[in-house]
Amino acid sequence: MTKIKICGITGEDEIAALNETGVDYAGFVLYEKSKRYVTVQKARQLFGKLNKGIRKVAVTVAPERALIEDIGRAGFDLLQVHGVDAAEAERIAAQTKLPVWLAVNLRDPAEIRRWRREEYHRIAGIVLDAGAYGSGKTFGWEQDGQDEMCCAVRAFREELLAEGRTFVLAGGLNAENVAEGIRIFAPDVADVSSGVETLCDGMRTKSIIRIKKIKKAVQKTEGVCAGR
């Protein structure tokens, strides 16, 4: 069954929601320009409240060596990297013992073909996201899943699967569309952020109700194969 990653965790209430719902991954954004930014120190404090079975993902944008080293010492389980090409991601992966997921932002089919030509040696997984990271939008797969982009993504997924790499679907996922995304692509992980958020006192925060809805929707897709 597709696993669930909730990204952009910033506080103890959200940690409690993850613990109660039993999701698989918690993402902590270590990018200062993000509205969901937390420091490595803050993330470490939150780790103490997080169930041990939930894997901790450090979400970064073109991280420098000092940050990579801090992440390695902090107790994260995975490093997710945005804003770099495959060659730079390989160099980053060589600097850490953590598995590295490379985020790929898709705008058109030509981009997915380009990414498929790259060689991945140290990269443990690929996160396919919308053209603009953190936009809360998909990369346009909601129609029937048979257009050029979707077909190219499914072919990429099969290659990653054959190589033993993790395929993560991100960008605009919510309780209403996650089942369709799983039907089309059969990802190993569904990566959700704004799709489980609600406004509380003017601030966006993760909603346990919405996380439960996501989990229920994902559970109903057990056994689904890509394209069906």
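Glancing now at the overall build of the chain. Along the backbone of the chain there are eight helices and ten strands. For a compact globule of 228 residues, the expected C-alpha radius of gyration is about 17 Å, and the chain comes in at 16 Å, within 12% of that figure. Per-residue burial for the chain yields a buried fraction of 50% across its 228 residues. At a minimum sequence separation of 6, the contacts of the chain that also span at least 24 residues come to 61%. Total accessible area computed for the chain in this model is approximately 10,900 Å², and 45% of it derives from carbon and sulfur atoms.

If you want to describe how two helices pack, look at the angle between their axes and the distance between the axes. Relative orientation of the contacting elements helix α7 (residues 178–185) and helix α8 (residues 208–219) amounts to 35°, with a least axis distance of 8 Å. Here α7 runs over α8; the crossing is right-handed. Mapping the contact onto sequence places Val178, Ala179 and Ile182 in α7 and Ile214, Ala217 and Val218 in α8. Taken together, the residues that form the contact of α7 with α8 break down as six nonpolar, no polar and no charged.

Side-chain pairs of opposite charge can arise whenever the charged atoms involved come near each other. Per the counting criterion, the structure on display carries 14 salt bridges. Ionic pairing is found between Asp191 and Lys5, a salt bridge with its closest N-O pair at 2.7 Å. Note that Asp191 is positioned in strand β8 (residues 189–192) and Lys5 in strand β1 (residues 3–7), a separation of 186 residues in sequence. Of the two residues, Asp191 and Lys5, neither departs from the other in class, the shared state being buried. Measuring nitrogen to oxygen at the nearest pair gives 2.5 Å for the salt bridge that ties Asp70 to Arg73. Note that Asp70 and Arg73 are positioned in helix α3 (residues 65–74) at a spacing of three residues, about one turn of the helix.

Most of strand β2 (residues 25–29) is tucked away: five of the five residues are buried. Across the two faces of β2 the burial is the same, with Tyr25, Gly27 and Val29 and Ala26 and Phe28 all buried. Taken together, the three bridges between β1 and β2 define a ladder with parallel strand orientation. Opposite Ile6, over in β2, you have Ala26 as the bridge partner. Viewed along the sheet, the connection from β1 through helix α1 (residues 12–21) into β2 turns out right-handed. Where β2 lies against strand β3 (residues 55–61), five bridges are found, and the strand directions are parallel. In the sheet register, Tyr25 faces β3, and the bridge partner there is Arg55. A crossover links β2 with its parallel partner β3, the connecting element being helix α2 (residues 40–47), and its sense is right-handed.

Let's shift gears to the environment of Lys56. With respect to the helices, strands and loops of the structure, Lys56 is situated in strand β3. Here the alpha-carbon distance between Lys56 and Val189, two residues 133 residues apart in the chain, equals 14 Å. Setting aside anything within four residues of it in sequence, one finds Lys56 in contact with Ala26, Phe28, Phe47, Leu50, Gly75, Phe76, Asp77 and Leu78.

Formed by 62 residues in total, the largest nonpolar core has its most connected members in Phe28, Phe76, Leu102 and Leu128. Examining the composition of this core, we find that six residues originate from one element, helix α6 (residues 148–162), more than from any other. Counting twelve residues, the second largest nonpolar core, distinct from the first, contains Tyr25, Val29, Val57 and Trp101.

Conventions we followed
- Residues numbered from 1 in each chain as written.
- Predicted model: local features only at pLDDT ≥ 70, side-chain atom pairs only at ≥ 80, totals over all residues.
- Heavy atoms only, no water.
- Helix = DSSP H or I, 4+ residues; strand = E, 2+ residues; numbered from the N terminus.
- Rg over C-alpha atoms; globule rule 2.2 N^0.38 Å.
- Buried < 20%, exposed > 50% of the residue type's maximum accessible area, 1.4 Å probe, protein only.
- Contact = heavy atoms within 4.5 Å.
- Areas by Shrake-Rupley, 256 points an atom, 1.4 Å probe, with all protein chains shown as cover.
- Axes fitted to C-alpha atoms, helices over the stretch in contact; angles between N-to-C directions.
- Left-handed = near helix turned anticlockwise from the far one by under 90°.
- Nonpolar A, V, L, I, M, F, W, Y, C, P; charged D, E, K, R; others polar.
- Salt bridge = Lys/Arg side-chain N within 4 Å of Asp/Glu carboxyl O.
- Pairing = 2+ DSSP bridges.
- Right-handed = clockwise from strand over helix to strand, strands pointing away.
- Core = buried A, V, L, I, M, F, W, Y, C linked by side-chain atoms within 4.5 Å.

Geometry only, nothing functional implied.
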